[in-house]
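Listed below, chain by chain, are the residues.
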Amino acid sequence: MSTEKIKVTCPKCKKAFAMNKPAAPGKYSVKCPHCQNVMGLQLRPVPVRMGQPKPAAKPEEPKPVPAPAPPPAPASAQQNTAPKMKISCPKCKRPFAIVKPGAPGNYIVKCPRCQGVIKLGLGTNQAGKTQPKPADQPKPTAQTKPAEVQQQKNDEKIPLLGKAIFTNRGIYVVKEKVVAGVKSQFACPECGKMVVVMNNNTGKFYVKCAHCGTPTMIKVVDEEPEAQKTGKVKKPTRKLETDRPVERGQLIWGNLFRRKRHELRNGSTVIGRKDSEQPSDLMFDDSTMSCRSVRLDVDGNDGSCKLTVLHATNPVTVNGVSFPEGSSIYLNFNDTLKMGRTSIVYCKLK
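Not measured: the values here are computed from a predicted model.

**Considerations on the pattern of salt bridges**
Any two side chains of opposite charge can pair, so long as their charged atoms come close to each other.
Alright, step 1. A full pass over the atoms with the stated rule returns three salt bridges.
Alright, step 2. A salt bridge links Glu247 to Lys348; its shortest N-O distance comes to 3.2 Å. Of this pair, Glu247 sits in the loop between helix H3 (226-230) and strand S16 (249-253) while Lys348 sits in strand S26 (residues 342-348), and the two are 101 residues apart along the sequence.
Alright, step 3. Of the charged contacts in the structure, one is a salt bridge between Arg295 and Asp297, with a shortest N-O distance of 3.3 Å.
Alright, step 4. Given the relative accessible area of 26%, Arg295 is considered partly exposed.

Now the structure itself:
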């Protein structure tokens, strides 16, 4: 029997064990040492292929002995003489120095700190020479300022107009007038940006904001008004109207269907309760009104009407304000005079 071992797995307990390999192929009964299960084992013969005889090996020729290499230079001497270049790692952001390659091309460098791989490319021009670094551009001095900064300073010197107001017509209007041919500026009422205007023609024009497009109306004149130069508006003196007609008044009382009127003439008119012993110029049948209660004095020059309270057992009121005996007041048109339960309206005579 052969001493060669084979490994068999029991199909029942799923455990593997080793046994001696039979010398000849065939069917065999094997007992599992773990679960004592008897199982069948079949060994098939291994086919043998006849191969061609290998050619005889040729004798090896003796290799030439290489010349002894010169001893390497010390590392410190090579580092001192070789040119170096400084690069920064894009991962850890730390610079380090490497030996500069002799020829341009693409190289892979490893960072000594974070062990990151860096792709380094040394470019060449069409002639095959290394491209020179671009010369540093001179920084702009105080004399060479950008165009935007210069334009902003020029805009600050333009005179500023007043604020645009929103009118009842639904438009924005600048009240200050703009002189023709002179630059002016005002703040846009919507976005607040400055709007520069200049027009050689006179009249009213709409100016649109370059930022938000809001239209604003301006008025262009030939010369600046004198009031706008000084900043003060001088009001003209109002003349007296000598030929103005005198406006006279009348008294109206009663309801809508039984309304009565009394025209007031120049001089005095006494109003009171109807009484034969103390008669009045205008009497009312009202027991709550006093006899000869009030007197109305009409001036013939200007038509003004003055009311004087003579007697007031019950309060005499003008527009709800009570006046005691002996007090006087000038009446205005549409004032309401109340004595007792009677209400009288002082109106303009048409």
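**Here we look at the environment of Tyr206**
Alright, step 1. Structurally, Tyr206 can be placed in strand S14 (residues 203-208).
Alright, step 2. Along the sequence, Tyr206 and Ile171 sit 35 residues apart, while their C-alpha atoms lie 9.9 Å from each other.

**Considering the nonpolar core**
Inside soluble globular proteins, nonpolar side chains tend to come together where they are buried.
Alright, step 1. Counting residues in hydrophobic clusters, the biggest one holds 21 residues, and the most contacted among them are Leu251, Ile271, Leu296 and Met339.
Alright, step 2. Put simply, the parts of the chain that give this core at least two residues each are S16, strand S19 (282-284), strand S20 (294-298), strand S21 (305-309), strand S22 (316-318), strand S25 (335-339) and S26.
Alright, step 3. Once residues within four sequence positions are removed from consideration, Leu296 is found in contact with Leu251, Leu264, Gly267, Ser268, Thr269, Ile271, Cys305, Lys306, Leu307 and Leu331.

**A few points about unusual backbone geometry**
Alright, step 1. Notably, Arg292 is not glycine yet its phi reads approximately 45°, a positive angle.
Alright, step 2. By the secondary structure assignment, Arg292 is in the loop between S19 and S20.
Alright, step 3. The backbone of Asn334 shows a phi angle near 75°, a positive value even though the residue is not glycine.
Alright, step 4. For Asn334, the location among the structural elements is in the loop between strand S24 (328-331) and S25.

**Re the sheet that holds S20**
Alright, step 1. Strand order in the open sheet formed by five strands is S19-S18-S20-S21-S24, with mixed pairing between adjacent strands. Where the open sheet ends on each side, the last strands, each with one partner, are S19 and S24. Each adjacent strand pair in this sheet contributes to an overall mean axis angle of 20°, direction not counted.
Alright, step 2. Where S20 meets S21, five bridges bridge the pair, whose relative direction is antiparallel. Each bridged residue has a counterpart across the sheet, and for Val298 the counterpart in S21 is Cys305.

**Focus on the confidence of the model for the protein**
Alright, step 1. Averaged over all residues, the pLDDT of the protein equals 79, while 74% of them reach at least 70.
Alright, step 2. Contacts of residues 125-130 to residues separated by more than four positions or lying in other chains number six contacts, the stretch itself having pLDDT below 50.

**Describing the packing of aromatic side chains**
Working definition: an aromatic ring pair is given by the centre-to-centre distance plus the angle between the planes.
Alright, step 1. What the rule picks out here adds up to three aromatic pairs.
Alright, step 2. Both rings, one in Trp253 and one in Phe284, keep their centres 5.0 Å apart while their planes meet at 75°; by these two values the pair is edge-to-face. Remark: Phe284 occurs in strand S19 and Trp253 occurs in strand S16; sequence separation between them is 31 residues.
Alright, step 3. For Trp253, a relative accessible area of 16% puts it in the buried group.

**Quick word on the layout of surface pockets**
Alright, step 1. When its volume is computed, the second largest pocket comes out at roughly 190 Å³.
Alright, step 2. Around the second largest pocket, the lining is made up of 13 residues, and of these Val246, Glu247, Asp302, Gly303 and Ser304 lie nearest the centre.
Alright, step 3. Grouping the amino acids of the lining of the second largest pocket by side-chain chemistry returns six nonpolar, four polar and three charged.

Basis of the calculations
Residues numbered from 1 in each chain as written. Predicted model: local features only at pLDDT ≥ 70, side-chain atom pairs only at ≥ 80, totals over all residues. Heavy atoms only, no water. Salt bridge = Lys/Arg side-chain N within 4 Å of Asp/Glu carboxyl O. Helix = DSSP H or I, 4+ residues; strand = E, 2+ residues; numbered from the N terminus. Buried < 20%, exposed > 50% of the residue type's maximum accessible area, 1.4 Å probe, protein only. Core = buried A, V, L, I, M, F, W, Y, C linked by side-chain atoms within 4.5 Å. Contact = heavy atoms within 4.5 Å. Pairing = 2+ DSSP bridges. Axes fitted to C-alpha atoms, helices over the stretch in contact; angles between N-to-C directions. pLDDT = per-residue confidence, 0-100. Phe/Tyr/Trp six-rings, centres within 6.5 Å; stacked < 30°, edge-to-face > 60°. 1 Å grid on protein atoms, 1.4 Å probe; cavity = no way out; pocket = protein on both sides within 12 Å on 5 of 7 lines; lining within 4 Å. Points joined across faces, edges and corners; volume = space filled by probe spheres on them. Nonpolar A, V, L, I, M, F, W, Y, C, P; charged D, E, K, R; others polar.

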